[in-house]
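The chain contents come next:
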Protein chains: 2
Amino acid sequence: MSAGHTEVTSGPVVSCSGEHEDCGIRDVLDRIGDKWSVLVVVELAQGVRRFRQLQRAVPGISQRMLTLTVRRLERDGLLTRTVHPTVPPQVEYALTPMGHSLTHLVKSLADWSLEHRDPIARARQEWDDANPGSGIH
Amino acid sequence: MSAGHTEVTSGPVVSCSGEHEDCGIRDVLDRIGDKWSVLVVVELAQGVRRFRQLQRAVPGISQRMLTLTVRRLERDGLLTRTVHPTVPPQVEYALTPMGHSLTHLVKSLADWSLEHRDPIARARQEWDDANPGSGIH
DNA sequence: CTGCATCCCTCTGGATACTG
DNA sequence: CAGTATCCAGAGGGATGCAG
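Bear in mind that the values here come from a model prediction, so they are computed numbers and not experimental data. (Residues numbered from 1 in each chain as written. Chains lettered and ligands numbered in written order. Predicted model: local features only at pLDDT ≥ 70, side-chain atom pairs only at ≥ 80, totals over all residues. Heavy atoms only, no water.)

**Points about the protein's contact with DNA strand C**
Taken together, 20 residues surround DNA strand C, and among them A:Arg52, A:Arg81, A:Tyr93, B:Lys35 and B:Arg64 come closest. The sugar-phosphate share of atoms of DNA strand C within 4 Å of the protein amounts to 66%. One of the backbone nitrogen or oxygen atoms of A:Phe51 is found 3.5 Å away from a phosphate oxygen of DNA strand C. Between DNA strand C and the protein, one listed contact pairs a phosphate oxygen with a backbone N or O atom of A:Arg52 at 2.7 Å. Listing elements by their share of the surface near DNA strand C, those giving two or more residues are helix 3 (51-57), helix 4 (63-75) and strand 3 (90-95) of chain A together with helix 4 (63-75) of chain B. Ranked by the residues each element gives to the surface near DNA strand C, the list is headed by helix 4 of chain B, at four residues. (Near = heavy atom within 4 Å. Polar contact = N/O pair within 3.5 Å; in protein donor to acceptor, adjacent residues only side chain to side chain. Helix = DSSP H or I, 4+ residues; strand = E, 2+ residues; numbered from the N terminus.)

**Description of the interface of chain A and chain B**
A common way to express how large an interface is: the accessible area buried when the components associate. Each partner contributes residues to the interface: chain A has 70 residues there, and chain B has 70 residues. Interface area, chain A with chain B, both sides summed: about 6,500 Å², of which 63% is carbon and sulfur. Across the contact surface, chain A and chain B share four salt bridges. Measuring nitrogen to oxygen at the nearest pair gives 2.5 Å for the salt bridge that ties B:Asp128 to A:Arg75. Between chain A and chain B we count 14 residue pairs in polar contact (both at pLDDT 80 or more) in total. For the side of chain A that touches chain B, the leading source of residues is helix 5 (residues 97-130) of chain A, giving 24 residues. Split into classes, the residues belonging to the side of chain A that touches chain B amount to 33 nonpolar, 19 polar and 18 charged. (Contact = heavy atoms within 4.5 Å. Buried area = accessible area lost by both parts, 1.4 Å probe. Salt bridge = Lys/Arg side-chain N within 4 Å of Asp/Glu carboxyl O. Nonpolar A, V, L, I, M, F, W, Y, C, P; charged D, E, K, R; others polar.)

**A word on the protein's contact with DNA strand D**
Taken together, 20 residues form the shell around DNA strand D, and within it A:Arg64, A:Met65, B:Arg52, B:Arg81 and B:Tyr93 come nearest. Taken together, the sugar and phosphate atoms account for 70% of what DNA strand D places within 4 Å of the protein. At 3.0 Å, a side-chain N or O of B:Arg50 approaches a phosphate oxygen of DNA strand D. Between B:Tyr93 and DNA strand D, the recorded distance is 2.4 Å, taken from a side-chain N or O atom to a phosphate oxygen. Elements supplying a minimum of two residues to the surface near DNA strand D: helix 4 of chain A together with helix 3 (51-57), helix 4 and strand 3 (90-95) of chain B. Looking at the surface near DNA strand D residue by residue, the class counts come to eight nonpolar, five polar and seven charged.

**Quick look at the relation of the copies chain A and chain B**
Laying chain A over chain B is done by rotating through 180 degrees and shifting 0.0 Å along the axis; what remains is an RMSD of 0.1 Å. Here the symmetry operator amounts to a two-fold rotation axis. Among all residues of chain A, the one whose C-alpha sits closest to the rotation axis is A:Gly33, at a distance of 2.0 Å. An overlap of 100% is found between the interface residues of chain A and their copies at the interface of chain B, pointing to a shared contact surface. (Least-squares fit on C-alpha atoms with pLDDT ≥ 70 in both.)

The following block contains the structure:
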């Protein structure tokens, strides 16, 4: 450990030491990695929301994707969907405790993102500068 | 705090309170959300690796995707690519300090994932059970 | 209001073959 | 070994229209 950074600071990064395979990270990654799940979870972290409220809170989302997203989150047990048999229909979405615990993770993500957005932006700029017409993005 | 869970435990989940927009989370999400970036980062957390080593360490990945993945990570300043002008060619990949800091996040992700994999699996099972032929995944 | 069905287009990513 | 180039199938996701 002479220059730069240490190799491994505190043991293996993931619990499945030697090998990594998926160890189930894939499941979570696929969920938080998709385009809208995180934003919906973040909005629901503020409290119970109805369908239209969610759609307005997440500006770019289409009803199709909002429907798909909340269905998947419901399926994973991250939120609950409560239908009030009124007219017009009223459906309320709320995070489950597990969903709430996920918001902590998301917060870490957001924090890291904010903390490194500038360095990343600069790195990208320099790289694009040094590699014109690479087609990488 | 009577029943269930609290609404907002410690202020807004993301720094961009009222509104959320992207606040730059998108950038990070797109990177860690793709199919291979996280696995490559995890492998590199163990130490410096060469191209073939990486490919063998991440079983399912094709050279095409490995190339694309490391290029993008390099562009973002998360890893360095060192070419040794030998024959046969030898290229070493290593995480930057910023890349290493990301591994901490990934570890949190993996921990959460492992901690909730069973509840999620059960929730999915029950949901699929209650909603046959929904087409949701 | 809440949601499903359909069309359609883009982008991801796998397989394969070729180069320095 | 370390890539690059090409082709191609499938998933993701937007727009729109219809229904309860």
